[in-house]
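# Survey of secondary and tertiary structure
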Amino acid sequence: MCGIIGYIGDRQAAPIILSGLRKLEYRGYDSAGMAVICDGKMQSEKTVGKLVELENATDEGTKIQGKMGIGHTRWATHGAPTVQNSHPHFSQDGKFAVVHNGIIENYLELRKMLTEAGFTFVSDTDTEVVPQLLQHFYNGDMFETVSKVVGMLRGAYALGIISTHDPDRIYAVRKGSPLIVGLGDGANFIASDIPAILSRTRRVYLLEEGEFAILSKDKVDIVDADKKVIHKQVYEVDWDVDAAQKDGYEYYMLKEIMEQPRAMKDTMGPRLNGNDVVMSELSMPESYYKNLSKIFIVACGSAYHVGLVGKYVLEDLARVPVEVDLASEFRYRNPIIQPGDLVIIISQSGETLDTLEALRDAKKQGARILSIVNVKGSSIARESDDVLYTHAGPEIAVATTKAYSTQMDILFLLGLYLARVRGQITSAQEQELVEELKTIPDKVQAFLKDVSGLEKLAKQHKSVRDVFFIGRGIDYAIALEGSLKLKEISYIHSEAYAAGELKHGTISLIEDGTLVIALATQQKLFEKTLSNIKEVKSRGATVIAVVMEGHTEVEKEADVTIYIPKTMEVFAGALEVIPLQVLAYYISYHKGLDVDKPRNLAKSVTVE
Ligand code: F6R
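Residues numbered from 1 in each chain as written. Predicted model: local features only at pLDDT ≥ 70, side-chain atom pairs only at ≥ 80, totals over all residues. Heavy atoms only, no water.

## A closer look at the packing of aromatic side chains
- Across all of its chains, the model carries 12 aromatic pairs by this definition.
- Where Phe 412 meets Phe 571, the ring centres are 4.9 Å apart and the plane angle is 75°; that geometry is what we call edge-to-face. Taken together, the positions of Phe 412 in helix 14 (residues 402–421) and Phe 571 in the loop between strand 26 (560–564) and helix 20 (572–590) put the pair 159 residues apart, joining distant regions of the chain.
- Given a relative accessible area of 0%, Phe 571 falls into the buried group.
- Ring geometry for Tyr 585 against Tyr 586: centres 4.9 Å apart, planes inclined by 75°, an arrangement best described as edge-to-face. (Phe/Tyr/Trp six-rings, centres within 6.5 Å; stacked < 30°, edge-to-face > 60°. Helix = DSSP H or I, 4+ residues; strand = E, 2+ residues; numbered from the N terminus. Buried < 20%, exposed > 50% of the residue type's maximum accessible area, 1.4 Å probe, protein only.)

## Observations concerning helix 14
- For helix 14, with 20 residues, the first-to-last C-alpha span of 29 Å sits near the 28 Å given by 1.5 Å per residue.
- Counting buried positions along helix 14 gives 19 out of 20 residues, so the element sits mostly inside the fold.
- Following helix 14 by one or two positions, Gly 423 has its phi on the positive side, about 70°. (Expected span 1.5 Å × (residues − 1).)

## Topic: the domain arrangement of the protein chain
- Splitting the protein chain by domain gives domain 1 (3–242), domain 2 (252–447) and domain 3 (452–590).
- Each of domain 1 and domain 2 was reduced to a C-alpha centroid, and the two centroids are 32 Å apart.
- Facing the 13 residues of domain 1 at the interface are 13 residues of domain 2.
- Counting the contacts that link domain 1 with domain 2 gives 0 salt bridges.
- Counting across the domain 1 and domain 2 interface gives 0 residue pairs in polar contact (both at pLDDT 80 or more).
- Its residues assigned to classes, the side of domain 1 that touches domain 2 comprises 6 nonpolar, 5 polar and 2 charged. (Domains from an automatic or database assignment. Contact = heavy atoms within 4.5 Å. Salt bridge = Lys/Arg side-chain N within 4 Å of Asp/Glu carboxyl O. Polar contact = N/O pair within 3.5 Å; in protein donor to acceptor, adjacent residues only side chain to side chain. Nonpolar A, V, L, I, M, F, W, Y, C, P; charged D, E, K, R; others polar.)

## A look at the pairing of strand 1 (residues 2–8)
- Of all 7 residues in strand 1, 7 are buried, a share of seventy percent or more.
- Strand direction decides the pairing type here: strand 1 and strand 4 (residues 68–74), joined by 7 bridges, are antiparallel. Its bridge partner being in strand 4, Cys 2 is matched across the sheet by Arg 74.
- One ladder, built from 4 bridges, connects strand 1 with strand 10 (residues 188–191); its direction is antiparallel. Bridge assignment links Ile 8 to a residue of strand 10, and that residue is Asn 188. (Pairing = 2+ DSSP bridges.)

## Structural notes on the side chain of Ser 371
- Mapped onto the elements of the fold, Ser 371 is located in strand 20 (residues 368–373).
- There is a polar contact of 2.9 Å between the side chain of Ser 371 and the side chain of Ser 384.
- Each residue touching Ser 371, except ones within four places of it in the same chain, is listed here: Ile 345, Ile 380, Ala 381, Ser 384, Asp 386, Val 387 and Leu 388.

## With respect to the sheet that holds strand 7 (residues 155–163)
- Pairing is antiparallel across the open sheet formed by 6 strands, whose spatial order is 5-6-7-8-12-13. Where the open sheet ends on each side, the last strands, each with one partner, are strand 5 (89–90) and strand 13 (219–223).
- With 5 bridges connecting them, strand 12 (residues 212–216) and strand 13 associate as antiparallel partners. Each bridged residue has a counterpart across the sheet, and for Ile 214 the counterpart in strand 13 is Asp 221.

## Observations regarding the pattern of salt bridges
- What the rule picks out here adds up to 32 salt bridges.
- Arg 174 is the partner of Glu 209 in a salt bridge, and the nearest nitrogen-oxygen pair spans 2.5 Å. Taken as a pair, Glu 209 in the loop between strand 11 (203–206) and strand 12 and Arg 174 in strand 8 (residues 170–175) lie far apart in primary sequence, 35 residues in all.
- Sharing partners across several salt bridges, the network here consists of Lys 294, Glu 323, Asp 325 and Arg 333.

See the structure below:
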């Protein structure tokens, strides 16, 4: 996945494709490529590394003739960042070229079918099945073939397709991943994001789920899968490039918060087959996981907080003891690791130095390393025995949101997988849990539909001096993350406490007007947290409570109640963290701070 651009018009396509890709660089990528058709022949160039490599390889695009083509910057998901894995991907006969964002969940099945039909694959990607399917099913009608092939794909996709069978058209379709069509003068474009084409046109169609676009140089048809014409409104872009890079959001952090439902689906989808968890990325046999006597989870910052959620989830579901450590502590504390123990390393960047060194120490002591990483090919990924990638996409805001949420999703899946192989849940229970887990992204989406109430709340409290987050069990782990989110971007002093610990000292800090955010989503702990709310209320605190829908009794105690959609307690963290992210965002925003780049912080901490 990452950036898509396509051009068809009267000018040389390659330089236009390159300049479009330049505008998409902000999204992050590790390789780039393009395919252009000239005189009925497919030409292409792909390079690993920065765009300048592709520019050099093509003499700024001048070496590649032709007036229509597609280009892509890739951020590796399936397969390492190599020339073979970068886009466009081609059919075996070289007549079809495809760029793709998203994840094709059933690609292994399709690949098997094609391999049996005699196709050879040159990449490790999910995308390559698309051009091969197009070749396999081509029946002389390009649209019919595209529509048939798209109908076979499961997962998320934004696709740009060209073929020497039909050299005067670009075909595009989206489901799940964004794609737009730009309407120029004697030229038309496709792009994954508006900035790619904003210097060329401000008139665009925003493709909806399942819509196809057929572009020639002076015409664009938007149709459904049966080629029935869809009449679409032209959208006039009135933002500047900077705003457009953020999809119209003022800061990346809010954009990334809003991307969470998609990121969650991309992360969980490929690991679910119906209601079964499939962990084909794990190289050890089930017996290894069955006999595990201990798991360590090691990480820093928010990744450590998600590790704490993981402890509750893994211990609860799989009944395996889990120790969670801050990487900077773990590496110096001489931990007792037995050969064969499993160490789970969590890192968005895959480059955090303390985490990487902790991994190396654990490895030296004979542990097996399973990492949960967002950046493909990063140091942590390379040095691990197994990697479960989160498919959050590039995260640009310093404060993590979508990477954190997708890390939690992986831990849910791992918990369910371990529970099954360790015989802790029946198949019926697994089905029920997975059924619920699959609803989480849509519940997050529904919650995020209207955050105006949270923004209002943020405005009211933006000037507070101290905030305490309290909770028990998973709520406590989420309290730690809520507190970190708030302090790192708003510079408000904030602490998180296990609610039961308050009376062992901290409660003496509660006075008139102290803001306490109380999380109470865990049914068996609800009454207890409610008592803690009463305790701080009676000492003058202002309380914002976060509970699941239906728990209206909390309204009697709390000043404000935030309801999250109902779910099973074990998955509640995925939902309750969302209002905390949004509150932190708006508090920082209304304080007029640079939300994406808080002072003294870096996105990737590669020093001790
Ligand atoms: C907070 C945040 C940090 C990171 C931490 C680890 O919002 O983003 O606390 O979680 O620096 O970084 P990674 O996950 O890249 O190892």
